[in-house]
Amino acid sequence: MRVLHLPPCRVCRGDLILVNGEHPLPRDAEGGDLVPAGPGAPDVLLERRAAVSLGRLMDELDAWGSIVPVSGWRSREEQERLYAQSLRENGEEFTRQFVARPGCSEHETGLAIDLALAGEEPDFIRPPFPDRGICRRFRQRCADFGFVLRYPAGKETVTGIAHEPWHFRYVGVPHAAVMIQRGLTLEEYLPFLRDQSAREGGLEYTWPEGRAHIVILPARAGADTRLQVPEKGRYTLSGDNQGGFVLTEWRRDHAG
Ligand SMILES: [Zn+2]
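Residues numbered from 1 in each chain as written. Predicted model: local features only at pLDDT ≥ 70, side-chain atom pairs only at ≥ 80, totals over all residues.

1. A closer look at the overall build of the protein chain
And then number 1: A tally of helices and strands in the protein chain yields six helices and 12 strands.
And then number 2: Relative to a compact globule of 256 residues, whose C-alpha radius of gyration would be 18 Å, the protein chain shows 18 Å and is just as compact.
And then number 3: With respect to the principal axes defined by its C-alpha atoms, the protein chain has extents near 55 × 40 × 35 Å.
And then number 4: Here the analysis covers contacts within the protein chain between residues at least 6 apart in sequence; of these, 66% occur between residues at least 24 apart. (Helix = DSSP H or I, 4+ residues; strand = E, 2+ residues; numbered from the N terminus. Rg over C-alpha atoms; globule rule 2.2 N^0.38 Å. Contact = placed C-beta atoms within 7 Å.)

2. Quick look at the sheet that holds strand 7 (residues 167-170)
And then number 1: Taken in spatial order, the four strands line up as 4-5-7-6 in an open sheet, and their pairing is antiparallel. Only two strands of the sheet have a single neighbouring strand rather than two, namely strand 4 (67-71) and strand 6 (147-149). Taking the axes of each pair of neighbouring strands and ignoring which way they run, one obtains an average angle of 40 degrees across the sheet. (Pairing = 2+ DSSP bridges. Axes fitted to C-alpha atoms, helices over the stretch in contact; angles between N-to-C directions.)

3. Some remarks on the sheet that holds strand 11 (residues 235-239)
And then number 1: With antiparallel pairing, the four strands of this open sheet are ordered in space as 8-9-12-11. The open sheet has two edge strands with one neighbour each: strand 8 (203-207) and strand 11. Between one strand and the next, the sheet's axes are offset by a mean angle of 20 degrees, whatever the strand orientation.
And then number 2: Helix-sheet contacts for helix 6 (residues 186-200) involve strand 8, strand 9 (210-218) and strand 12 (244-250), and the interaxial angle to strand 9 is about 90 degrees.

4. What about the environment of valine 68?
And then number 1: Along the chain, valine 68 falls in strand 4.
And then number 2: Judged by the 21 C-beta atoms lying within 10 Å of it, valine 68 falls in the buried class.
And then number 3: Taking C-alpha positions, valine 68 is 9.4 Å from glycine 119, a pair spaced 51 residues apart along the chain.
And then number 4: Every residue in contact with valine 68, bar those within four places of it in the chain, is listed here: Ala41, Leu115, Ala116 and Ala118. (Buried ≥ 20, exposed ≤ 12 C-beta atoms within 10 Å, placed from the backbone.)

5. Description of the domain arrangement of the protein chain
And then number 1: As assigned here, the protein chain comprises domain 1 (1-16 + 184-256) and domain 2 (19-170).
And then number 2: On the domain 2 side, the residues contacting the nine residues of domain 1 number 12 residues.
And then number 3: Its residues placed into classes, the side of domain 1 that touches domain 2 shows two nonpolar, three polar and four charged. (Domains from an automatic or database assignment. Nonpolar A, V, L, I, M, F, W, Y, C, P; charged D, E, K, R; others polar.)

6. Focus: the pairing of strand 5 (residues 112-117)
And then number 1: Counting buried positions along strand 5 gives five out of six residues, so the element sits mostly inside the fold.
And then number 2: The pairing of strand 4 with strand 5 spans four bridges and is classified as antiparallel. Opposite proline 69, over in strand 5, you have leucine 115 as the bridge partner.

7. Brief notes about the nonpolar core
And then number 1: Ranked by size, the top nonpolar core spans 54 residues in total, and within it Leu46, Leu54, Leu115, Phe147 and Val148 carry the most contacts.
And then number 2: With five residues, helix 1 (residues 48-61) is the largest single contributor of residues to this core.
And then number 3: Looking at which domains feed residues into this core, each of domain 1 (1-16 + 184-256) and domain 2 (19-170) gives three or more.
And then number 4: Non-local contacts of valine 148, meaning those with residues more than four positions away in its chain, are made with Ala143, Phe168, Arg169, Val171, Ala176, Met179 and Ile180. (Core = buried A, V, L, I, M, F, W, Y, C linked by C-beta atoms within 7 Å.)

8. Some points on helix 6
And then number 1: When the terminal C-alpha atoms of helix 6 are compared, their 20 Å separation across 15 residues agrees well with the 21 Å that a helix rising 1.5 Å per residue should span.
And then number 2: Of the residues making up helix 6, those classed as buried are Leu186, Tyr189, Leu190 and Leu193. For helix 6, the buried positions fall inside an angular range of 95 degrees around the axis, keeping them on one side. With respect to the buried face of helix 6, the exposed residues turned more than 90 degrees away are Asp195, Ala198 and Arg199.
And then number 3: Elements that come into contact with the buried residues of helix 6 comprise helix 5 (175-182), strand 8, strand 9 and strand 12.
And then number 4: Remark: glycine 201 follows helix 6 within two positions and exhibits a positive phi of approximately 75 degrees. (Expected span 1.5 Å × (residues − 1). Arc of directions from axis to C-beta.)

9. Observations regarding unusual backbone geometry
And then number 1: The step from valine 173 to proline 174 runs through a cis peptide bond, and the omega angle for that step is 5 degrees.
And then number 2: Inspection of the secondary structure assignment puts proline 174 in the loop between strand 7 and helix 5.
And then number 3: Despite not being glycine, aspartate 62 shows a phi value in the positive range, around 50 degrees.
And then number 4: Note that aspartate 62 resides in the loop between helix 1 and strand 4.

10. Describing helix 5
And then number 1: Buried residues of helix 5: His175, Ala176, Val178 and Met179, and no others. The buried residues of helix 5 all sit within an arc of 165 degrees when viewed along its axis, so they share a single face.
And then number 2: Where helix 5 is buried, its residues contact strand 6, helix 6 and strand 8.

Below you can see the structure in the form of structure tokens.
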């Protein structure tokens, strides 16, 4: 085993950070390794690992040209502008439903992307992403590439955001698949993992290409957290932006 020393700020970095009205993204966690979300969209940026996964999914579906990236990473200042503009143009009720307050938008993480069906009427805040054709196929396959539909219908009271069929969030593999299988939003998945970790020492997830063990561990407040990780073998680590770390250990090789 190897011991990692993780500084407190590491809690608000990684694929599984929860960012919403109650859990803002700290300013020092903004931005990262941002790259274009795809060919033909040089101004829409994503964290590199999210962009790579999106590219593989779009390649597999041959969806470039049919589905276009509309909005990816936004700076705090951009979110402030967008929020103020929406308040002016759409009023308070609409804005509260569809536009997150500055600091509370997932777009500031670089892990969220709004997509639109090409050729439809462009709408920056509510891009068209119908439940049919290529858009439906995208939604059906996205979990295998680490993406989830972040604001599903029926979960408005949990997420605090109206149903947004166009907004996808990268949470990584296999977390996206677990969330879809269990019908959990990110607001629900993290407490579920905490519960599983407390009662059973974590969650074992098996799929055709491999097996993973997922556990969530509390961070030390105000000091470095020491975390044991395997010497050999693959693992991923993410903060949860709620005072914990999600450690995912791959039990054997996987294709994701
Ligand atoms: Zn969005």
